[in-house]
Amino acid sequence: MRIAVLGTGMVGRAFAARLVGLGHEVTIGTRDVAATMARAETDAMGNSPFPQWAAEHPAVTLATFADAAAPAELVVNATAGSATIAVLEAAGAANLAGKVVLDIANPLDYSAGMPPTLLVKDTDSLGEQIQRTFHDARVVKALNTMNAYLMVEPRQLADADFSAFVSGNDPDAKKTVTALLESFGHTDVIDLGDISTARGTEMILPIWIRLWGALGTPMFNFKIVR
Ligand SMILES: NC(=O)c1ccc[n+]([C@@H]2O[C@H](COP(=O)([O-])OP(=O)(O)OC[C@H]3O[C@@H](n4cnc5c(N)ncnc54)[C@H](OP(=O)(O)O)[C@@H]3O)[C@@H](O)[C@H]2O)c1
């Protein structure tokens, strides 16, 4: 499949590398290609400068958000939640229309430091905001409840039979995303219902962040035992 991964951070990179490994054609989207390819600093999360990562992954191309989204069959949103709507506007509503948009972003507000709070919650969610703003896109919220490396390589934990969630209004779009997750190795994908159920998975972040602190590692996940 031809896939646009919007986002140059660790999620976008993990996704792009895994998708290429599975035989997909992948373009990463960014604001300014020249600026991104001129980066020389390691980011706040300790990720290598993008040009270094790009040199190690020559099959992945880099383009503007719009140029990445235009030819894509599926679009992955792996951008900062505070910037997501602006990024998707830059990608272009017409370039998202009719397409599955897999939204992984969390609406985290770091403006008051750590731990972050949620920019939207309780009665709305980022997933719903995306679906409302880009009404012709087929938005599916998924994978935002786990670390980037576990999203794409779930089998690396000893007890890999953990749970992933999908939320969205379009049953076929959720089937497409579920099949993609299963191709990564996920075995327990739970369909929560329409896109409003993204409120639940976005609001899991406050406990996820405390678990990260308590366990001292982001390599853990939720398993729904029933
Ligand atoms: N890290 C994880 O393990 C993890 C796990 C679950 C969910 N998530 C969620 O996944 C998303 C991606 O996380 P990440 O850590 O990979 O990357 P990130 O640092 O949250 O986001 C990086 C991307 O956001 C874009 N961006 C940032 N500020 C922008 C602005 N003001 N205007 C336009 N674009 C802007 C950047 O564009 P440029 O390319 O132009 O710089 C870049 O592509 C986030 O929503 C995060 O909460 C992350």
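Residues numbered from 1 in each chain as written. Predicted model: local features only at pLDDT ≥ 70, side-chain atom pairs only at ≥ 80, totals over all residues. Heavy atoms only, no water.

> I'm lost on the site of the ligand in this one. Help?
In the neighbourhood of the ligand, 23 residues make up the surrounding shell, with Thr8, Val11, Thr30, Arg39 and Thr79 lying closest. One nitrogen or oxygen atom from the main chain of Ala80 is found 3.2 Å from an oxygen atom belonging to the ligand. For the ligand, whose unbound accessible area comes to 890 Å², protein coverage reaches 76%. Residue assignment for the shell around the ligand shows that the elements contributing at least two residues are helix 1 (10-21) and helix 8 (148-152). (Near = heavy atom within 4 Å. Polar contact = N/O pair within 3.5 Å; in protein donor to acceptor, adjacent residues only side chain to side chain. Areas by Shrake-Rupley, 256 points an atom, 1.4 Å probe, with all protein chains shown as cover. Helix = DSSP H or I, 4+ residues; strand = E, 2+ residues; numbered from the N terminus.)

> I keep staring at the pattern of salt bridges and nothing clicks. Help me out?
Side chains that differ in sign of charge can pair as their charged atoms come close. Counted according to the given criterion, the structure contains 12 salt bridges. Of the charged contacts in the structure, one is a salt bridge between Glu25 and Arg2, with a shortest N-O distance of 3.5 Å. Taken together, the positions of Glu25 in strand 2 (residues 25-30) and Arg2 in strand 1 (residues 2-6) put the pair 23 residues apart, joining distant regions of the chain. Note that Lys223 is salt-bridged to Asp161, the shortest N-O span being 3.8 Å. Of this pair, Lys223 sits in the segment after helix 11 (205-215) while Asp161 sits in the loop between helix 8 and strand 9 (163-168), placing them 62 residues apart in sequence. (Salt bridge = Lys/Arg side-chain N within 4 Å of Asp/Glu carboxyl O.)

> Mind showing me how you'd approach unusual backbone geometry here?
Leaving glycine aside, a negative phi is the common case for residues, and trans is the common case for peptide bonds. Of note, the amide linkage connecting Met114 to Pro115 takes the cis form, showing an omega dihedral of -10 degrees. Structurally, Pro115 is set in the loop between strand 6 (108-109) and strand 7 (117-118). Positive phi, close to 65 degrees, is recorded for Asp122, a residue that is not glycine. Looking at the secondary structure, you find Asp122 in the loop between strand 7 and helix 7 (126-133). Look at Asp122 and you get partly exposed, because its relative accessible area is 45%. (Buried < 20%, exposed > 50% of the residue type's maximum accessible area, 1.4 Å probe, protein only.)

> It is not clear to me how the packing of aromatic side chains should be interpreted in this structure. Could you clarify?
The description of an aromatic ring pair rests on the distance of the ring centres and on the angle between the ring planes. Counted by the stated rule, this structure contains four aromatic pairs. On the basis of an interplanar angle of 40 degrees and a centroid distance of 5.5 Å, the ring pair of Phe50 and Trp53 is categorised as tilted. Placement of both Phe50 and Trp53 in helix 3 (residues 50-56) is noted, with a separation of three residues, approximately one turn of the helix. Of the residues examined, Phe50 reaches a relative accessible area of 3% and is grouped as buried. Here the aromatic rings of Trp208 and Trp212 are separated by 5.4 Å at their centres, their planes lie at 55 degrees, and the arrangement is tilted. Residue Trp208 and its partner Trp212 are located together in helix 11, separated by four residues, close to a single helical turn. Take Trp208: its relative accessible area is 10%, and that puts it in the buried class. (Phe/Tyr/Trp six-rings, centres within 6.5 Å; stacked < 30°, edge-to-face > 60°.)

> Explain helix 5 (residues 84-91) here, please?
A turn of α-helix holds 3.6 residues, and therefore any two residues three or four places apart point the same way. Considered for burial, the residues of helix 5 that qualify are Thr84, Val87, Leu88 and Ala91. Angularly, the buried residues of helix 5 cover 95 degrees about the axis, an arc narrow enough to put them on a single face. Contacts from the buried residues of helix 5 go to strand 1, helix 4 (65-69), strand 4 (74-77), helix 6 (93-96) and helix 7. Note on helix 5: the residue one or two positions beyond its end, Gly92, has a positive phi of about 100 degrees. (Arc of directions from axis to C-beta. Contact = heavy atoms within 4.5 Å.)

> Would you take a moment to explain the environment of Ser111 for this structure?
Mapped onto the elements, Ser111 comes out in the loop between strand 6 and strand 7. Within polar-contact distance, the side chain of Ser111 engages the side chain of Asp109 at 2.6 Å.

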